[in-house]
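The primary structure of each chain is shown beneath.
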Amino acid sequence: MSELEISAPQCSTHYSPAGNSDVLDIVVHKNIRVSDVIVSDILDSDHLPIAFHILDHVKIRNLSEPIEKFTDWERFQSLASELISPKLEIKSWIEADKAARDFAASIASAYRLSTSKVTLSDINNDLPGLDRLIKYKQRLRKCWQETRDAACKTAVNWVTKSIRRMTRKRELERWETKIEIARDHLHRLHYCNVIGGIVSPVHDAYGKKELLSATHRCEMLRQALKNSSWIRLSDWECHQEGWTRTRLVLQYHQNQLNSILNSNNESPNKRQRCDDLLWIPDDLKFRSGGPVQIKLLCGADLLESFATPGLWTDEDIDTIVGQHGLVVITREGNNPNKFIYESDLLTKYQSNINIVTEWITNEVSSTKIRRALRRSESVKYLLEESVIDYIHKHGLYSTKDK
Ligand SMILES: Nc1ncnc2c1ncn2[C@@H]1O[C@H](COP(=O)(O)OP(=O)(O)OP(=O)(O)O)[C@@H](O)[C@H]1O
Ligand SMILES: NC(=O)c1ccc[n+]([C@@H]2O[C@H](COP(=O)(O)O)[C@@H](O)[C@H]2O)c1
């Protein structure tokens, strides 16, 4: 016992409903130097967690970086009822075990797919007033914990909502949000159930101005998508020998999905081969039937590029729109409905084209972000923090030595 040490913060970590401080968290440790114990009062709880640093070189997650989760319960319900198999025939305990596991996995998947996270770690002076609001919330919460005054609690809730609104607004400007908006739209129309999103970066040989190597682009995408529960990177296209036309990219992914769906009833050994296809949505493994359709998600400017002479063949457009389908996000300056009306081919397949109006418009574009980086202007909130770090670490987009 003599080797054990006890560390504790200097203030209480729980206040009883009567306002008395009645709990102090303690840490019992051995052979570990606990240099600093602090109480974090930012999390949404009146039991204040403690955070402590164990040795300076060991990094631990800072408890004062809260993550807010938003669950769309309607979507959860529809996903859960789709994923949970209604026909269950259980004849042995092995089958009962499997059914229980499948049930839990379906609930977990439905929850993951209907929940988005917002990390409030982005909070700093870049968002005017937010810093002050956070400090104000901390003061109000302390006041509520000490007095249990209802007015205080109302004020805490109001400030929490304002913080959420501000950070959500910034989130809306990110490009990943476009894919989320498209999914919401399709779900709302009950048109189809979106089970996954795939981002397929173009091959280096596409040769577009300012196109970085696929290695860098894929790494940045990995970072950008690491918090998404349903959007995945597919690096198949950029690992081909040269540029692949979009129709073939869609067909490759469609064929892979079909073969997985067909193998869902086969032995696990046969299915193993598909496990390295990291872009395949988890939920595909639970599907018992029904086709899965790959669609092309694009902005209205890409749709209008169908009319650029020599860029797309009619045969490709026919297959892309006729067999796969398009989801088009509006962009300022484009009129996709008019464009479809003026094209016989697109009008023929109109029912396969979903136009998603982005009411909260924003003109984020990679050209503008690259320009800002070149000029050492802030791109915070437009890109994931870790993507910004990656860009600076590798001196991409002329950020070297800045
Ligand atoms: N602000 C936006 N609103 C809707 N769609 C967008 C927006 N920005 C890009 N897209 C779509 O994303 C897809 C990828 O386009 P691209 O890589 O050319 O992006 P971009 O930001 O327009 O790039 P650049 O600025 O280099 O032209 C295209 O389908 C494009 O229409
Ligand atoms: N004929 C085709 O299949 C075709 C033509 C132009 C662009 N694209 C694709 O559209 C995407 C966006 O290209 P841009 O950035 O040039 O608009 C890329 O993935 C590219 O491969 C495909």
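Residues numbered from 1 in each chain as written. Chains lettered and ligands numbered in written order. Predicted model: local features only at pLDDT ≥ 70, side-chain atom pairs only at ≥ 80, totals over all residues. Heavy atoms only, no water.

Per an unreviewed UniProt entry, the protein chain goes by Nicotinamide-nucleotide adenylyltransferase and derives from Cryptotermes secundus. Turning to the protein chain, the UniProt record has this under Subunit (unreviewed entry): "Homotetramer." Word for word, the UniProt comment on the protein chain under Subcellular location (unreviewed entry) is "Mitochondrion". (UniProt positions renumbered as here; feature names shortened; annotations may be inferred.)

J.: Would you mind going over the overall build of the protein chain with me for this structure?
T.: Per the secondary structure count, the protein chain includes 14 helices and 13 strands. Partitioning the contacts of the protein chain with sequence separation of at least 6, the portion at a separation of at least 24 is 67%. Roughly 24,000 Å² of accessible area belongs to the protein chain as shown, and the carbon and sulfur atoms make up 52% of that amount. (Helix = DSSP H or I, 4+ residues; strand = E, 2+ residues; numbered from the N terminus. Contact = heavy atoms within 4.5 Å. Areas by Shrake-Rupley, 256 points an atom, 1.4 Å probe, with all protein chains shown as cover.)

J.: Would you explain the packing of helix α7 (residues 246-263) against helix α10 (residues 314-324) in this entry?
T.: Any two packed helices are characterised by the angle at which their axes cross and by the distance between the axes. At their nearest, the axes of α7 and α10 sit 9 Å apart, and the two run at 35° to each other. For the element pair α7 and α10, the recorded crossing hand is left-handed. Listed contacts from α10 to T246, R247, L250, Q251 and Q254 of α7 are E315, D316, T319, I320, Q323 and H324. Looking at the contact of α7 with α10, its residues break down into 2 nonpolar, 6 polar and 3 charged. (Axes fitted to C-alpha atoms, helices over the stretch in contact; angles between N-to-C directions. Left-handed = near helix turned anticlockwise from the far one by under 90°. Nonpolar A, V, L, I, M, F, W, Y, C, P; charged D, E, K, R; others polar.)

J.: I keep staring at the state of the cysteines and nothing clicks. Help me out?
T.: Here, disulfide denotes a covalent bond that connects the sulfur atoms of two cysteines. As enumerated under the stated definition, the model contains 0 disulfides in all. Cysteine C218 remains unbridged, with the sulfur of C238 as its closest cysteine sulfur at 3.6 Å. (Disulfide = S-S within 2.5 Å.)

J.: Looking at this structure, how should I read the site of ligand 1?
T.: Around ligand 1, the structure places 13 residues, and the nearest of them are D301, V364, S366, T367 and R370. Here T367 contributes a side-chain N or O atom positioned 2.3 Å from an oxygen atom of ligand 1. Interatomic distance of 2.9 Å between a side-chain N/O atom of R370 and an oxygen atom of ligand 1. Contact with the protein chains hides 71% of the accessible area of ligand 1, taken as 590 Å² for the molecule alone. Within the residue set of the shell around ligand 1, elements represented by two or more residues are β11 (296-299), α9 (300-304) and α13 (366-374). (Near = heavy atom within 4 Å. Polar contact = N/O pair within 3.5 Å; in protein donor to acceptor, adjacent residues only side chain to side chain.)

J.: Help me out: how do you make sense of the packing of aromatic side chains in this one?
T.: For any pair of aromatic rings, geometry is given as the distance between the ring centres together with the angle between the planes. Tallied over the entire structure, the rule returns 5 aromatic pairs. For the pair Y206 and W243, a centre-to-centre distance of 5.4 Å together with 35° between the ring planes defines the contact as tilted. With Y206 in the loop between β9 (197-199) and α6 (214-225) and W243 in the loop between β10 (231-233) and α7, this residue pair connects regions lying 37 residues apart in the sequence. Its relative accessible area of 40% is what places Y206 among the partly exposed residues. W243 gets classed as partly exposed once you look at its relative accessible area, which sits at 41%. Ring geometry for F306 and W312: centres 4.9 Å apart, planes at 70°, overall edge-to-face. Exposure remark for F306: the relative accessible area of 8% places this residue in the buried category. Among the aromatic residues, ring-to-ring pairing joins W73, F76 and Y111 into one connected group. (Phe/Tyr/Trp six-rings, centres within 6.5 Å; stacked < 30°, edge-to-face > 60°. Buried < 20%, exposed > 50% of the residue type's maximum accessible area, 1.4 Å probe, protein only.)

J.: Just to check I follow, could you spell out the pattern of salt bridges for this structure?
T.: When their charged atoms lie close together, side chains carrying opposite charge are able to pair. For the structure on display, the rule yields 13 salt bridges. A salt bridge links D204 to R217; its shortest N-O distance comes to 2.8 Å. Residue D204 is found in the loop between β9 and α6, and its partner R217 is found in helix α6; the two are separated by 13 residues along the sequence. Note that R222 is salt-bridged to D235, the shortest N-O span being 3.6 Å. (Salt bridge = Lys/Arg side-chain N within 4 Å of Asp/Glu carboxyl O.)

J.: Explanation requested: the confidence of the model for the protein chain in the structure shown.
T.: When the pLDDT values of the protein chain are averaged, the result is 79; 78% of them are 70 or greater. Ranking the elements of the protein chain by mean pLDDT puts helix α8 (residues 268-272) last, at 47, and α10 first, at 96. A low-confidence stretch, residues 60-65 (pLDDT under 50), is modelled with 10 contacts involving residues beyond four sequence positions or located in other chains. Within the model, pLDDT remains below 50 along residues 268-275, and this stretch shows 5 contacts once partners closer than five positions in the same chain are excluded. Model confidence for the complex: the whole-complex pTM is 0.61, and ipTM, which rates the interface, is 0.91. (pLDDT = per-residue confidence, 0-100.)

J.: How should unusual backbone geometry be read in this particular structure?
T.: Phi is mostly negative for residues that are not glycine, and the peptide bonds are mostly trans. Phi is positive for E210, close to 70°, though the residue is something other than glycine. In this structure E210 comes out as partly exposed when scored by relative accessible area, which is 33%. Not every positive phi belongs to a glycine, and Y397 is a case in point at roughly 50°. Checked against the element boundaries, Y397 lands in the segment after α14 (385-393).

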